[in-house]
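Examining the three-dimensional arrangement
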Amino acid sequence: MEYNFPDIEKKWQKYWLEHKTFKAEIDHSRPKYYVLDMFPYPSGSGLHVGHPLGYIASDIYSRYKRLKGFNVLHPMGYDAFGLPAEQYAIQTGTHPAVTTEKNIARYREQMDKIGFSYDWDREVVTSDPAYYKWTQWMFIQLFKHWYNNETGKAEPVSDLVRKFEISGNAGINASVTPEWFKSLGKKDPFFGEKWDGIFTADQWKSWSEKQQQEILMNYRLAYLSEAMVNWCPELGTVLANDEVANGYSVRGNHPVERRMMRQWFLRITAYAQRLLDGLDRIEFSESLKEMQRNWIGRSEGAEVEFSI
């Protein structure tokens, strides 16, 4: 019997949508399983072949785990902020909000036709204020915390300030800005004195609020610092190394220059060992784990100075 693709697919996809077949409810009687795809950029007129290539594999596995009795959460979303959406809007001459909404509708239509088993009640759109208010909240939390190497976790900066007020920073084992280490033993441009990185409680209390905040910036998980970056004047933004090829931006082929800039950083290196340790607790093949270890790239470096 020939498979009547248009009728059968349309019938069951309509049924899944109306009955919320793949909705993930809280059910403590079953083991839970989370399958997350990489969200597509809604910065084009539709999906390309690379999108469903990965989505089909994860969807097959989601269905398999459901049949094995797992309570599966399998959501989908759209990485709708950033350079791709901005450049697509410029190229088409329309506002990013308009093009993003239109493209998301097209992407959703295509994914529905493929028949993926997503829980669309958990849909995420990163340009939705209801979503990015939480990314802003997370940034604020990072700014308000420092990484304690002794406890292996983030702790409030307010607690750190209390430690400074009682005994300075001599006994504190923290993850700090690398550039701060490099400045040790040299005349500090901010304080105008030879700097060894250690201060007493009395020194801390004698400094102005501006000076104290400058010190705290070296401890915060989200911090300002100067670094050489790939600056693209045409795009008006900093680009990652993989967004640059032969001195030009991959997107738009615009000239890119190396420039020292003060910008925001996240102290992710503090979590390198925790990320590596966590690989032993997730269900990954050994080859994928090794790939992740290489991506994390934790290493112990050394700095050598020669007198010439």
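The present account deals with the structure reproduced in this document. Note that the structure is predicted; figures quoted are calculated from it, not measured. (Residues numbered from 1 in each chain as written. Predicted model: local features only at pLDDT ≥ 70, side-chain atom pairs only at ≥ 80, totals over all residues. Heavy atoms only, no water.)

Thoughts on the side chain of Arg267
Using the following cut-off: The secondary structure listing takes helices from DSSP runs of H or I that are at least 4 residues long and strands from runs of E that are at least 2 residues long, numbered from the N terminus. Partly exposed describes any residue whose relative accessible area lies between the buried limit of under 20% and the exposed limit of over 50%, with all areas from a 1.4 Å probe on protein chains only and scaled to the type maximum.
Tracing the sequence through the fold places Arg267 in the loop between strand 13 (257-266) and helix 10 (272-278). In this structure Arg267 comes out as buried when scored by relative accessible area, which is 4%.

As for a nonpolar patch on the surface
Test applied: Without a salt bridge and with relative accessible area above 30%, a residue can belong to a patch; like charges are then joined within 9 Å and nonpolar side chains (Val, Leu, Ile, Met, Phe, Trp, Tyr) within 5 Å. Residue burial considers only the protein chains on display, and all accessible areas are found by Shrake-Rupley using a 1.4 Å probe. Salt bridges are counted wherever a side-chain nitrogen of Lys or Arg sits within 4 Å of a carboxyl oxygen of Asp or Glu.
Residues Tyr3, Phe5, Ile8, Trp12 and Tyr15 make up a contiguous nonpolar surface patch of about 500 Å² in total accessible area. Here Tyr15 shows up in helix 1 (residues 5-19). We classify Tyr15 as partly exposed; its relative accessible area is 37%.

Notes on the packing of helix 3 (residues 83-92) against helix 4 (residues 96-114)
Applied cut-off: Helix axes are fitted to C-alpha atoms over the stretch in contact, other axes to C-alpha atoms as well, and angles between N-to-C directions run from 0 to 180 degrees. Orientation categories follow fixed angle ranges, with anything under 35 degrees roughly parallel, anything over 145 roughly antiparallel, 65 to 115 roughly perpendicular, and all other angles oblique. Two residues qualify as a contact provided that any one of their heavy atoms is within 4.5 Å of a heavy atom in the partner residue.
At a minimum axis separation of 9 Å, helix 3 and helix 4 run at an interaxial angle of 105°. What the angle tells us is that helix 3 and helix 4 run roughly perpendicular. Taken together, the residues of helix 4 that come into contact with helix 3 (itself represented by Ala85, Tyr88, Ala89 and Thr92) are Pro96, Thr99, Thr100 and Asn103.

Quick word on the environment of Trp264
Inspection of the secondary structure puts Trp264 in strand 13. Residues Trp264 and Phe306 lie 42 residues apart in sequence; the distance between their C-alpha atoms is 32 Å. In contact with Trp264, not counting residues within four places along its chain, are Phe139, Phe143, Met217, Ala222, Tyr223 and Leu224.

A short note on the environment of Glu2
With respect to the element layout, Glu2 can be found in the segment before helix 1. Taking relative accessible area as the criterion, Glu2 reaches 74% and is therefore assigned exposed. Between the alpha carbons of Glu2 and Leu142 there is a distance of 58 Å; along the sequence they are 140 residues apart.

Examining the pairing of strand 6 (residues 153-156)
Selection criterion: The pairing criterion is simple: DSSP has to find at least two bridges between the two strands.
In terms of strand pairing, strand 5 (residues 145-148) meets strand 6 through four bridges, oriented antiparallel. Note that in strand 6 the partner of Asn148 across the bridge is Lys153. Following strand 5, the chain reverses through four residues before pairing antiparallel with strand 6; Gly152 in that reversal takes a positive phi of roughly 70°.

Coordinates in, geometry out; function isn't part of it.
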